[in-house]
Amino acid sequence: MVLKDDLTLDVDGLRLRLKQTEAGPLLATDHPRDDPRSTLAYVVNTALTGGWSDLEESIMQRRGTNVPQAMGATPVRPEDVAYADRLNWRNLGGRTLDDTDAFIIGTTFTSADMILPGKTLLRILRKLGELRGQRPPSGEAEPEAPHTPTEPPFSLLTGSTAIELDERAAELDMVARKTPKTPRDEGTELGGRTCLLIEMDAAGLFEEGGEEEKRQWLVEARLTALLGYYDAGVALLRYLRDPARKRYIPDAPEGEGVLDAWVSIDWFRLGIPTPPSMKPVNWLGFCERTLREAEPDPSEDEGEVYTTIGSERYHIEWRRDVRRPAVLRASVMVRS
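Residues numbered from 1 in each chain as written. Predicted model: local features only at pLDDT ≥ 70, side-chain atom pairs only at ≥ 80, totals over all residues. Heavy atoms only, no water.

A. Broad picture of the packing of helix α1 (residues 36–48) against helix α4 (residues 118–131). Between α1 and α4, whose axes approach to 10 Å, the crossing angle comes to 55°. Between α1 and α4, the angle is such that the two are oblique. Note on packing geometry: the crossing formed by α1 with α4 is right-handed. On α4, the residues that touch Leu40, Val44, Asn45, Ala47 and Leu48 of α1 are Leu121, Ile124, Leu125, Leu128 and Gly129. (Axes fitted to C-alpha atoms, helices over the stretch in contact; angles between N-to-C directions. Helix = DSSP H or I, 4+ residues; strand = E, 2+ residues; numbered from the N terminus. Parallel < 35°, antiparallel > 145°, perpendicular 65-115°, else oblique. Left-handed = near helix turned anticlockwise from the far one by under 90°. Contact = heavy atoms within 4.5 Å.)

What follows is the structure, given as structure tokens:
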């Protein structure tokens with residue numbers, strides 16, 4: 001078989017460069033040492049050249065296997081997949097990682113492990129095996145790319161961008177739910193949230209007007225994570241424009257946006273309850289004023305504020321989502 005020097009293998013969104021050998025093509029290994037595709041290449045090539053005979057069977061049975069003192073492949077639980085690994089897979093393959101089928105592969109001589117779906121690793125082994133003449137063609141069709149809905153009614157948001165933002169939002173929520181979090185999880189969650197909100201705002205998700213039409217499009221497109229952010233953004237902007245807020249924040253500037261707010265969008269996404277004796281706008285206005293007056297340390301990314309009025313003690317949690325400290329949660333503690 002004669003192959004072009006620039007031949008590539010496309011599997012599940014991954015475009016992998018091949019190199020020619022006398023026995024047929026293998027994955028190119030001339031990536032930087034810290035590029036996970038280098039690790040993938042050494043793992044696949046070792047299996048196809050006879051140095052790792054049980055790799056394919058182990059993946060099918062979802063069990064760990066290794067070449068002693070050289071390389072290994074191990075199934076990973078969804079809760080153990082870090083946000084950074086999810087982003088890495090998206091950057092490489094342009095798709096959301098199927099964490100129910102995740103494997104981590106690594107070697108003792110490359111510095112970047114790689115987490116990828118076991119099915120993808122199997123497809124790479126089988127398709128490259130076909131090119132090398134080691135197995136008959138499988139006739140397996142490449143999975144269809146995610147459906148792109150009709151163009152959305154936002155000024156800047158495209159259908160493909162909406163799908164990407166929705167998947168990233170869902171992945172970020174998975175990281176946020178992890179307990180306990182590693183320092184790596186906390187760092188990638190913080191950075192991921194900031195980038196996600198900035199990109200949502202830049203794409204026009206939080207622009208005002210046409211709420212009913214925009215919401216209907218997100219519902220029909222089944223972009224549930226993005227819909228949650230959109231609904232929360234609408235609610236946050238409604239609060240920022242509410243005349244009753246002026247009672248608590250009399251000097252609030254006109255035209256405040258989601259990224260400028262002293263209230264986190266997650267206050268509305270998570271549905272923080274209001275004390276029975278207060279209206280929602282009054283409760284949040286009180287919490288926002290209390291946070292502003294506390295003047296949180298600019299070097300901190302999150303914190304807590306306490307204040308006491310009469311027999312009641314108020315606890316306010318805040319987080320710096322983008323530009324400002326923002327009220328995230330609040331509760332009332334009645335003193336005995």
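Structure shown, so let's carry the discussion forward.
B. Here's a closer look at the sheet that holds strand β10 (residues 325–334). Ordered in space as β8-β9-β10, the three strands form an open sheet in which the pairing is antiparallel. Every other strand in the sheet has two partners, leaving β8 (302–309) and β10 as the edge strands with one partner each. Neighbour to neighbour, the strand axes of the sheet diverge by 20° on average, direction disregarded. Pairing of β8 with strand β9 (residues 312–320), which is carried by eight bridges, proceeds in the antiparallel orientation. Bridge pairing links glycine 303 to tryptophan 318 in β9. Strands β8, β9 and β10 of the sheet are contacted by helix α10 (residues 280–294), whose axis makes an angle of about 110° with β10. (Pairing = 2+ DSSP bridges.)

C. Region of the structure containing helix α5 (residues 159–176). Compared with an ideal rise of 1.5 Å per residue, which puts 18 residues at 26 Å, α5 spans 26 Å between its outermost C-alpha atoms and is within 8% of the ideal. Taken residue by residue, α5 has Gly159, Ala162, Ile163, Leu165, Asp166, Glu167, Arg168, Ala169, Glu171, Leu172, Asp173 and Val175 as its buried positions. (Expected span 1.5 Å × (residues − 1). Buried < 20%, exposed > 50% of the residue type's maximum accessible area, 1.4 Å probe, protein only.)

D. How the structure looks around helix α6 (residues 183–202). Under the 1.5 Å per step criterion, the end-to-end length of α6 is 29 Å for 20 residues, consistent within 8% with the ideal 28 Å. Taken together, the buried positions of α6 are Asp185, Glu189, Gly192, Arg193, Leu196, Leu197 and Met200. Viewed along the axis of α6, the buried residues span an arc of 125°, placing them on a single side of the element. Seen from the open side of α6, the exposed residues pointing more than 90 degrees away from its buried face are Pro183 and Ala202. Among the residues trailing α6, glycine 204 stands out with phi positive, at a value near 90°. (Arc of directions from axis to C-beta.)

E. Structural view of the pairing of β10. Bridge analysis of β9 against β10 gives nine bridges, and the strand direction is antiparallel. Looking at β10, one finds that arginine 319 is bridged to alanine 326. What sits between β9 and β10 in their antiparallel hairpin is a turn of four residues.

F. Here's a closer look at the environment of arginine 329. Tracing the sequence through the fold places arginine 329 in strand β10. For arginine 329, a relative accessible area of 33% gives the class partly exposed. Residues arginine 329 and glutamate 151, 178 residues apart in the sequence, show an inter-C-alpha distance of 36 Å.

G. Highlighting the pattern of salt bridges. Applying the stated criterion to the full structure yields 29 salt bridges. Between arginine 123 and aspartate 12 there is a salt bridge, with the nearest N and O atoms lying 2.7 Å from each other. Highlighted residues: arginine 123 in helix α4 and aspartate 12 in the loop between β1 (8–11) and β2 (14–19), separated in sequence by 111 residues. In this structure, arginine 123 and aspartate 12 share a single accessibility class: buried. Its salt-bridge partner being arginine 245, residue glutamate 288 comes within 2.8 Å of it at the nearest N-O pair. Of this pair, glutamate 288 sits in helix α10 while arginine 245 sits in the loop between α8 (224–241) and α9 (265–269), and the two are 43 residues apart along the sequence. For arginine 245, a relative accessible area of 2% puts it in the buried group. It is possible to trace a salt-bridge network through shared partners that takes in Asp173, Asp266, Arg269, Arg319 and Asp321. (Salt bridge = Lys/Arg side-chain N within 4 Å of Asp/Glu carboxyl O.)

H. Molecular detail of the packing of α5 against α6. Between α5 and α6, whose axes approach to 10 Å, the crossing angle comes to 150°. In terms of orientation, α5 lies roughly antiparallel with respect to α6. Handedness of the α5/α6 crossing: left-handed. Between α5 and α6, the contacting residues are Leu165, Arg168, Ala169, Leu172, Val175 and Ala176 on the first element and Asp185, Glu189, Gly192, Arg193, Cys195, Leu196, Glu199 and Met200 on the second. For the contact of α5 with α6, a count of residues per class yields eight nonpolar, one polar and five charged. (Nonpolar A, V, L, I, M, F, W, Y, C, P; charged D, E, K, R; others polar.)

I. Representation of the nonpolar core. Among the nonpolar cores identified, the biggest contains 51 residues, and Met200, Leu205, Leu226, Tyr229 and Trp267 are the most heavily contacted of them. Contributing elements (two or more residues each) for this core: α5, α6, α7 (211–220), α8, α9, α10, β9 and β10. Residue contributions to this core peak at eleven residues, all from α8. Sequence-distant contacts of leucine 205, defined by excluding residues within four places in its chain, comprise Phe154, Leu157, Met200, Leu226, Tyr229 and Tyr230. (Core = buried A, V, L, I, M, F, W, Y, C linked by side-chain atoms within 4.5 Å.)

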